[in-house]
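Examination of the molecular architecture
Each chain is listed here by its residues.
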Amino acid sequence: MRFDSTEAAGGLQLAALPALLAAAAVLLLSACSRGASSGELTVAGSTSIQPFCDRWAEVYMEDHAGCAVNVQGGGSSAGIQAARSGAAHIGMSSRPLKPEEEDLVEIVVARDGLAIIVHPENVLESLSLQEVRAVFEGSVRSWSVLGGPAKPVHVITREEGSGTRGAFQELVMGDSRIFRGAIVQDSNGTVREIVAGDPNAVGYISLGLVDDRVRALKLDGVEATEESIESGAYPLVRPFLFVAREAPRDRAGNFLDFVLSEEGQALIKKEGLIPVRRRTP
Amino acid sequence: MTSLDRRESLVRAVLLLAAFSAVSVLAVITVFIFVEGTPIMFRRGVGQFLFGQDWFPGEGRFGLLPMIIGSVQVTLGALLIGVPFALACAVFLTEFSSPRLRRILKPVIELLAGIPSVVYGFIGVIVLVPFIRDNLGGPGFSVLTASIVLGIMILPTVISISIDALQALPPSYREGALAMGATRWQTVRMVLLPSARSGIVASIILGMGRAVGETMAVIMIAGNAASIPRSPLEPVRTLTSNIALEMSYASGEHREALFATGVILFIIIMVLNTVANLSSSRRGRERKG
């Protein structure tokens, strides 16, 4: 079951706005005035989405005093499990749902590019998708093969099961494996930290988390920007999902509406993600 | 029955309950790990877990050999680096230093044990990893880096238990050797260290247990590649890091395989503890005899 965000938003505009606003206000009051325990909303899952969701929660709570949004990490699979078991109202997943998880409702709340990052001093500007695959397969062990200096390539990857690794596997590796000798780190932040410190390192992280201590490589000459992602020229894109047992209502629904609102999407655009409302058909 | 007797038996019952609850928690944990971890080992074959080299949980391949070897390498490395320092320190503090210096140094060393392991890991990442990468080559995240940091982390355990073992020796050993004209160093080397051997061995085994079990610091500095390292400068993954690294995402068979990792780790640590207990009980007998 797929709950399309664009349709939902369209539906909102069609309906009588004042009535809806009143209804929302009533819902909000009833949801958030029932004391601290009932005013809590737990969102858990992907560590890739977590920092952005923190931002949403922060701004949301400014306008909705008394409604405490509790954002937890734990990873995509844990988030999906938490949403199914009811431990969290909303689960966050940075990988598509597996067939056996399709009974949950999924809402695309943002899209994210995957950036192949290197040290700022790395002389390479651009790699092809095949070259990136060869590097992560372990068949290219020296930068000289790619036109760089004769230095060993230090490959950094994420741990098995991570949403970012899952997306990278699917988008870049296809059927080949990331080689066993690759250094494994358990968060976007540590991958970035290592690449920022090691001139010979290469890794992949969420595009929104690239900062000036590392440099994102172009893919086939295409730089990873919002425009190139929207036009489809930059191929490494994955959806960020909210999942729940049923279409979110009440507190969860309110929060979701905020996340998908122009304000919510503008927030994450500022942080480097690709908003969903402007999705090209 | 007087009221004093009744109170006595009440206290006894409460203490008994406390003792049993501690033991039963341990029993529950043990049963839980084995119940969760052993089915997959038998389903997939114990051989694959112990000797398989491919750890690709997504494809149903659960070879733990790289992690078993990784744990062994890192632990031996830590002992190689930590134990000589620790013994030198223990000998100095018991035999050569002034009592005043000992009163200052011993608590400081014990304080070392109270530093959270994440701090050791952090210092390792910030200082040691770049140093090794720039001066020795490789990515810096390596067997060597992990061994050095773990070697430092086991110091307090090995030092304080070795000091206890040396101080527990009867003063007559020391006095007798010195009276026969042995120098201090000769006394230490030929009389004290051999006599305290089983206590020192116990201290080393407890340090080993700490090194095998350490997780956080190792995850931060070892690189965690699930392959058998061919040189001390290559990254390595230990059994503990394997569990901690992947548990948050694991489900289904992957999760069971992580429990199986726990089973193997549990067995290794039980063996170490048993050896430590045996050697310290032998020490008790020696002293009595």
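1. Concerning the overall build of chain B
A tally of helices and strands in chain B yields 13 helices and 2 strands. Taking the principal axes of its C-alpha atoms as reference, chain B extends roughly 75 × 70 × 30 Å. Long-range contacts, defined here as pairs at least 24 residues apart, represent 71% of the contacts in chain B between residues at least 6 apart. On chain B, roughly 14700 Å² of surface is accessible, and the fraction owed to carbon and sulfur atoms is 70%. Charge separation in chain B, taken as the distance between the mean sites of 24 positive and 16 negative side-chain charges, equals 9 Å.

2. A few points about empty space enclosed by the protein
Taken as a whole, this structure holds 2 cavities of 30 Å³ or more when the rule is applied. By volume, the largest cavity amounts to about 110 Å³. Along the walls of the largest cavity sit 14 residues, with Arg165(A), Val184(A), Trp55(B), Ala226(B) and Arg237(B) positioned nearest its centre. Among the residues forming the lining of the largest cavity, the class breakdown is 8 nonpolar, 1 polar and 5 charged.

3. Some thoughts on the pattern of salt bridges
Side-chain pairs of opposite charge can arise whenever the charged atoms involved come near each other. Residue and element names in this part refer to chain A. Following the criterion strictly, the structure yields 24 salt bridges over all chains and no others. For Asp 112, the salt bridge identified is with Arg 238, shortest N-O distance 3.2 Å. Remark: Arg 238 occurs in strand β11 (residues 237-244) and Asp 112 occurs in strand β4 (residues 105-118); sequence separation between them is 126 residues. A residue is classified by how much of its surface remains accessible, and Asp 112, at 0% relative accessible area, is buried. What makes Arg 238 buried here is its relative accessible area of 2%.

4. Quick look at the environment of Ser176(A)
Residue and element names in this part refer to chain A. Topologically, Ser 176 is positioned in the loop between α6 (163-173) and β7 (183-185). Along the sequence, Ser 176 and Phe 136 sit 40 residues apart, while their C-alpha atoms lie 9.3 Å from each other. Those residues in contact with Ser 176, other than ones at most four positions away along the chain, are Arg 133, Glu 137 and Gln 169. Among the polar contacts made by the side chain of Ser 176, one reaches the side chain of Glu 137 at a distance of 3.1 Å.

5. With respect to the pairing of strand β8 (residues 201-206) of chain A
All names here are of chain A. Of all the 6 residues making up β8, 6 are buried; the element is thus mostly covered by neighbouring parts of the structure. Looking at chain direction, β4 and β8 are connected through 5 bridges and run antiparallel. By the bridge assignment for β8, Ala 115 is matched with Ile 205. Here strand β6 (residues 154-158) pairs with β8 via 2 bridges, running parallel. By the bridge assignment for β8, Val 155 is matched with Val 202.

6. Describing the confidence of the model for chain A
Residue and element names in this part refer to chain A. Residues with a pLDDT of 70 or more make up 85% of chain A, whose mean pLDDT is 82. The least confident element of chain A, judged by mean pLDDT, is helix α1 (residues 5-14) at 42; the most confident is β6 at 94. pLDDT under 50 marks residues 1-17. Its contacts with residues more than four places away, or in other chains, come to 27 contacts.

7. Let's talk about the nonpolar core
Counting residues in hydrophobic clusters, the biggest one holds 120 residues, and the most contacted among them are Trp56(A), Val109(A), Phe136(A), Phe168(A), Val202(A), Phe242(A) and Phe255(A). Counting residues per element, this core draws most heavily on β4(A), at 10 residues. Composition of this core by domain shows at least three residues from each of domain 1 (7-111 + 239-269) and domain 2 (113-237) of chain A. Of all hydrophobic cores here, the second largest spans 22 residues; its members include Met41(B), Met67(B), Ile205(B) and Ala257(B).

8. A look at the interface of chain B and chain A
A common way to express how large an interface is: the accessible area buried when the components associate. If you look at the interface, chain B gives 25 residues, while chain A gives 26 residues. Counting the surface chain B buries against chain A, the share from its top three residues, Phe56(B), Arg133(B) and Tyr249(B), is 32%. Counting the contacts that link chain B with chain A gives 3 salt bridges. With a shortest N-O distance of 4.0 Å, Arg133(B) and Asp198(A) are connected by a salt bridge. Counting every contact that joins chain B to chain A gives 6 residue pairs in polar contact (both at pLDDT 80 or more). Among the residues forming the side of chain B that touches chain A, the class breakdown is 10 nonpolar, 9 polar and 6 charged.

What counts and how
Residues numbered from 1 in each chain as written. Chains lettered and ligands numbered in written order. Predicted model: local features only at pLDDT ≥ 70, side-chain atom pairs only at ≥ 80, totals over all residues. Heavy atoms only, no water. Helix = DSSP H or I, 4+ residues; strand = E, 2+ residues; numbered from the N terminus. Contact = heavy atoms within 4.5 Å. Areas by Shrake-Rupley, 256 points an atom, 1.4 Å probe, with all protein chains shown as cover. Lys, Arg positive; Asp, Glu negative; His and termini not counted. Charge placed at Lys NZ, Arg CZ, Asp CG, Glu CD. 1 Å grid on protein atoms, 1.4 Å probe; cavity = no way out; pocket = protein on both sides within 12 Å on 5 of 7 lines; lining within 4 Å. Points joined across faces, edges and corners; volume = space filled by probe spheres on them. Nonpolar A, V, L, I, M, F, W, Y, C, P; charged D, E, K, R; others polar. Salt bridge = Lys/Arg side-chain N within 4 Å of Asp/Glu carboxyl O. Buried < 20%, exposed > 50% of the residue type's maximum accessible area, 1.4 Å probe, protein only. Polar contact = N/O pair within 3.5 Å; in protein donor to acceptor, adjacent residues only side chain to side chain. Pairing = 2+ DSSP bridges. pLDDT = per-residue confidence, 0-100. Core = buried A, V, L, I, M, F, W, Y, C linked by side-chain atoms within 4.5 Å. Domains from an automatic or database assignment. Buried area = accessible area lost by both parts, 1.4 Å probe.

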